[in-house]
Amino acid sequence: MSDINSQTVALIGGGPAALFLIKHITAKKIKPRKIIIFEQNSHLGMGMPYGVSGAGKEHVANISANEIPELITDLEDFLSKNEQSGFGDYYTTGKINRDQVVPRLVLGKYLENQFGILIKMAKSQNIEVLTLVNTKVIDIQSNPDQSYTVIAGGDKKYGADVVILTTGHQWTKSFEGKHKGWFDSPYPPSKFVETTNFPVAVKGASLTAVDIIKTLSRLNGRFSGSKDNQLEYTLNDDAQDFRIHLYSLSGLLPALRFHSEDEAFSTEWKMSLKEIYDYKKTHGGFVDLDYVFDINFKKVIEKKDPELYLEIKDLTIEEFVEKMMKLRKELDSFQLFKAEYTEAEKSIKRHQSITWKEALTSFSYAMNYPAKHFSAEDMLRLTKTLMPLISIIIAALPQSSYREIIALYDAEVISLSNVDAGSVVEPHEEEGAIYRFKNNDGKKKELIYKMYVDATGQRAMNYNDLPFESLKKEGAVASGYLSFKNAENAVELIKDGNEMIMKGDHDHFYLKVKGLSINDNFQALDSYGKVRENLYIMSVAYIGGLNPDYSGLDFCDTAAEIITDSLKKDWAM
Ligand SMILES: Cc1cc2nc3c(=O)[nH]c(=O)nc-3n(C[C@H](O)[C@H](O)[C@H](O)COP(=O)(O)OP(=O)(O)OC[C@H]3O[C@@H](n4cnc5c(N)ncnc54)[C@H](O)[C@@H]3O)c2cc1C
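Here's a quick rundown of the structure. (Residues numbered from 1 in each chain as written. Predicted model: local features only at pLDDT ≥ 70, side-chain atom pairs only at ≥ 80, totals over all residues. Heavy atoms only, no water.)

1. Notes on the site of the ligand
- Inspection of the region around the ligand gives 32 residues, with Glu39, Tyr50, Asn62, His169 and Leu553 positioned closest.
- Measuring from a nitrogen atom of the ligand, one finds a backbone N or O atom of Val137 at 2.9 Å.
- Between the ligand and the protein, one listed contact pairs an oxygen atom with a side-chain N or O atom of His169 at 2.7 Å.
- Alone, the ligand offers 1,000 Å² of accessible surface; in the complex the protein occludes 91% of this.
- Elements supplying a minimum of two residues to the shell around the ligand: helix H1 (16-27), strand E3 (60-64) and helix H16 (553-570).
- Among the residues making up the shell around the ligand, the classes are represented as 14 nonpolar, 14 polar and four charged. (Near = heavy atom within 4 Å. Polar contact = N/O pair within 3.5 Å; in protein donor to acceptor, adjacent residues only side chain to side chain. Areas by Shrake-Rupley, 256 points an atom, 1.4 Å probe, with all protein chains shown as cover. Helix = DSSP H or I, 4+ residues; strand = E, 2+ residues; numbered from the N terminus. Nonpolar A, V, L, I, M, F, W, Y, C, P; charged D, E, K, R; others polar.)

2. Thoughts on the sheet that holds strand E10 (residues 156-160)
- The three strands lie next to each other as E8-E9-E10, forming an open sheet whose pairing is antiparallel. Looking at strand neighbours, the two that pair on one side only are strand E8 (137-142) and E10, the edges of this open sheet. Strand-to-strand, the axes of this sheet are offset by a mean angle of 25 degrees, without reference to chain direction.
- Where strand E9 (residues 148-152) meets E10, five bridges bridge the pair, whose relative direction is antiparallel. Across the sheet, the residue bridging to Ile151 is Lys157, located in E10. (Pairing = 2+ DSSP bridges. Axes fitted to C-alpha atoms, helices over the stretch in contact; angles between N-to-C directions.)

3. Looking at the layout of surface pockets
- Computed from the structure, the second largest pocket encloses a volume of approximately 410 Å³.
- If you go around the second largest pocket, you meet 19 residues; those closest to its centre are Lys280, Lys372, His373, Leu482 and Leu525.
- Put simply, the parts of the chain that give the lining of the second largest pocket at least two residues each are helix H5 (273-282) and strand E22 (479-483).
- Tallied by class, residues from the lining of the second largest pocket come to 10 nonpolar, six polar and three charged. (1 Å grid on protein atoms, 1.4 Å probe; cavity = no way out; pocket = protein on both sides within 12 Å on 5 of 7 lines; lining within 4 Å. Points joined across faces, edges and corners; volume = space filled by probe spheres on them.)

4. Considerations on the packing of aromatic side chains
- Tallied over the entire structure, the rule returns 25 aromatic pairs.
- Taking 6.2 Å as the distance between ring centres and 70 degrees as the angle between the ring planes, the aromatic pair formed by Tyr90 and Tyr91 counts as edge-to-face. We note that Tyr90, like Tyr91, is buried.
- Considering the side-chain rings of Tyr279 and Tyr291, the 4.4 Å spacing of their centres and the 25 degrees angle between planes classify their relative orientation as stacked. Taken together, the positions of Tyr279 in helix H5 and Tyr291 in helix H6 (residues 289-304) put the pair 12 residues apart, joining distant regions of the chain.
- Residue Tyr279 is classed as buried on the basis of its relative accessible area, which comes to 11%. (Phe/Tyr/Trp six-rings, centres within 6.5 Å; stacked < 30°, edge-to-face > 60°. Buried < 20%, exposed > 50% of the residue type's maximum accessible area, 1.4 Å probe, protein only.)

5. Description of the pattern of salt bridges
- In total, this model carries 32 salt bridges according to the counting rule given.
- Between Arg104 and Asp211 there is a salt bridge; the shortest N-O distance is 2.8 Å. With a gap of 107 residues between them, Arg104 in helix H3 (residues 104-124) and Asp211 in helix H4 (residues 207-220) connect regions that are remote in the sequence.
- When the shortest N-O distance is used, the salt bridge between Lys450 and Glu431 registers 3.6 Å. Within this pair, whereas Lys450 is found in the loop between strand E20 (444-449) and strand E21 (451-454), its partner Glu431 is found in the loop between strand E18 (424-427) and strand E19 (433-438), the two being separated by 19 residues in sequence.
- Residues participating in the shared-partner salt-bridge network are Asp74, Glu76, Lys95 and Arg98. (Salt bridge = Lys/Arg side-chain N within 4 Å of Asp/Glu carboxyl O.)

6. Let's talk about the sheet that holds E20
- The strand order across the open sheet built from three strands is E18-E19-E20, with neighbouring strands paired in antiparallel fashion. Each end of this open sheet is capped by a strand with a single partner; those strands are E18 and E20. Strand-to-strand twist in this sheet, taken as the mean axis angle between neighbours without regard to direction, amounts to 20 degrees.
- As defined by bridge partners, E18 adjoins E19 across four bridges and the pair is classed as antiparallel. Within the sheet, the bridge partner assigned to Val424 lies in E19 and is Arg436.

7. Remarks on unusual backbone geometry
- For the peptide bond that leads from Tyr187 to Pro188, omega is -10 degrees, which places it in the cis range.
- The residue Pro188 is located in the loop between strand E12 (182-183) and strand E13 (199-203) in this model.
- A positive phi is found at Lys29, a non-glycine position, where the angle reads about 50 degrees.
- The residue Lys29 is located in the loop between H1 and strand E2 (34-38) in this model.
- A positive phi angle, close to 55 degrees, is found at Lys31, a residue other than glycine.
- For Lys31, the position within the fold is in the loop between H1 and E2.
- Overall, Lys31 belongs to the partly exposed group, its relative accessible area being 35%.

Structure follows, in structure tokens:
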């Protein structure tokens with residue numbers, strides 16, 4: 001392979017993932033000859049959640065100024081020089097509360113500004129940077145000499161030696177736009193403009209649901225402050241029948257933000273590649289989920305909360321999850337939500353972490369890297385058992401959002417029901433949707449709504465969803481998969497109707513996971529399982545199968561660093 005200094009690197013998508021790539025490329029002085037950044041929208045750095053395609057003024061990030069991965073300028077400095085109007089609650093005259101969550105549109109402006117600074121830094125290192133905004137990439141072709149042709153902005157062609165897919169979130173539409181009252185996601189929030197003087201069904205009860213709750217509650221009423229930091233919600237005169245009916249599988253609301261003792265996520269928490277490969281050598285070619293849970297969760301608890309450690313040290317993952325979920329399930333979800341608020345407030349006021357929640361969050365971050373080396377059996381255990389608990393805990397709902405939800409609850413505007421896995425939502429013949437589900441008592445229910453919003457969040461995209469047809473036609477990318485440890489387990493699952501299992505040679509069985517196949521450096525594996533050294537996949541919608549906790553600015557930062565190190569290593573002469 002020739003030297004990176006003579007190469008052109010194409011970034012397909014100019015959101016936070018691309019921003020952190022430029023950060024590491026400039027910091028590590030990789031110096032490719034040229035970088036081309038393709039962004040379909042008009043702004044760089046904001047990506048989907050921090051610009052108008054994913055946020056309104058009411059939407060907040062789940063991180064504070066203190067938790068933004070390091071960039072060039074501090075957020076507070078940026079705000080002192082770049083007044084952002086309309087965010088009076090967050091800051092006045094450039095001063096911010098560094099522990100308060102950042103409004104997403106403010107974060108977007110900041111990320112855009114940092115992108116500009118980093119591009120200047122790259123140019124000062126003699127890297128030619130071509131930024132193409134309002135330029136959608138429609139295809140990527142591989143050439144006989146292993147380089148790529150990126151087709152963008154209509155039918156213009158751009159040559160690249162290395163392609164990094166940073167296309168981020170992708171939202172597919174089923175009936176939205178074709179069927180009145182049906183919305184496949186809450187984004188962009190600007191599509192909701194009218195009063196909805198009737199009950200609205202919302203599928204999901206986590207952060208995506210909170211986004212639509214914030215948007216609709218403002219269209220139909222107003223929040224006002226009362227004493228003790230509490231809010232009151234009053235419906236508008238023309239929206240007296242507005243209600244939000246949340247539906248979720250767990251019937252649980254997301255856990256709240258608490259004080260975290262660790263400054264930021266650290267790459268030292270995860271197993272190094274050497275540790276991963278050494279472990280595999282002596283453990284049948286796999287990294288065991290139980291081992292990762294032990295070192296990245298139980299050992300942390302042992303150090304930080306010896307009392308709790310005694311309670312959980314002998315529990316299996318399944319038993320631990322059952323213990324933690326039991327209490328949650330015994331209480332009414334809003335009562336539990338109130339109790340957790342008190343616990344989280346104490347944690348913040350006393351600057352004391354809630355150890356098990358913090359440890360589970362760090363486990364979730366750390367297990368991404370060995371996860372590609374799990375057996376299919378362990379990946380199934382992880383997604384079935386641990387991920388439902390992790391997804392509730394890592395949500396880190398801001399206290400301000402909690403106060404709004406409780407005000408809606410006290411005003412009897414919001415409710416949450418849990419539904420069975422077999423529940424279905426279908427378009428109703430006139431408008432909106434019919435929700436068919438079984439409730440807690442096993443009774444069948446069928447409810448008709450004038451409006452329905454799917455707020456289950458980013459769905460994992462599959463091979464067929466990838467919009468770059470040539471990459472698929474040429475076999476440059478493939479679906480993600482994991483091997484079974486024991487063929488008998490696969491055969492049992494096939495008997496039970498699991499369609500994600502494939503049989504290879506010599507009675508070897510594989511589990512097809514969501515998204516595309518990538519290696520430890522985020523390089524694509526082609527249809528023969530061979531590494532495509534110059535094609536990296538960092539698009540969040542396509543890597544969740546092998547990186548279960550794939551999203552977040554901290555993930556963008558570490559994944560970008562891994563890719564940059566690989567560029568440095570694999571492209572050295
Ligand atoms: C609603 C929402 C809120 C979130 N809030 C937080 C939060 O508070 N804190 C946190 O840490 N994480 C949050 N996340 C997680 C999020 O994944 C990351 O913060 C971050 O946005 C990921 O950046 P990205 O660049 O990978 O993807 P994106 O932000 O989706 O950016 C991808 C970019 O690629 C562009 N693009 C896509 N396809 C093409 C194409 N074909 N041609 C050209 N350009 C293209 C898009 O226009 C976009 O600008 C949130 C996610 C969502 C969905």
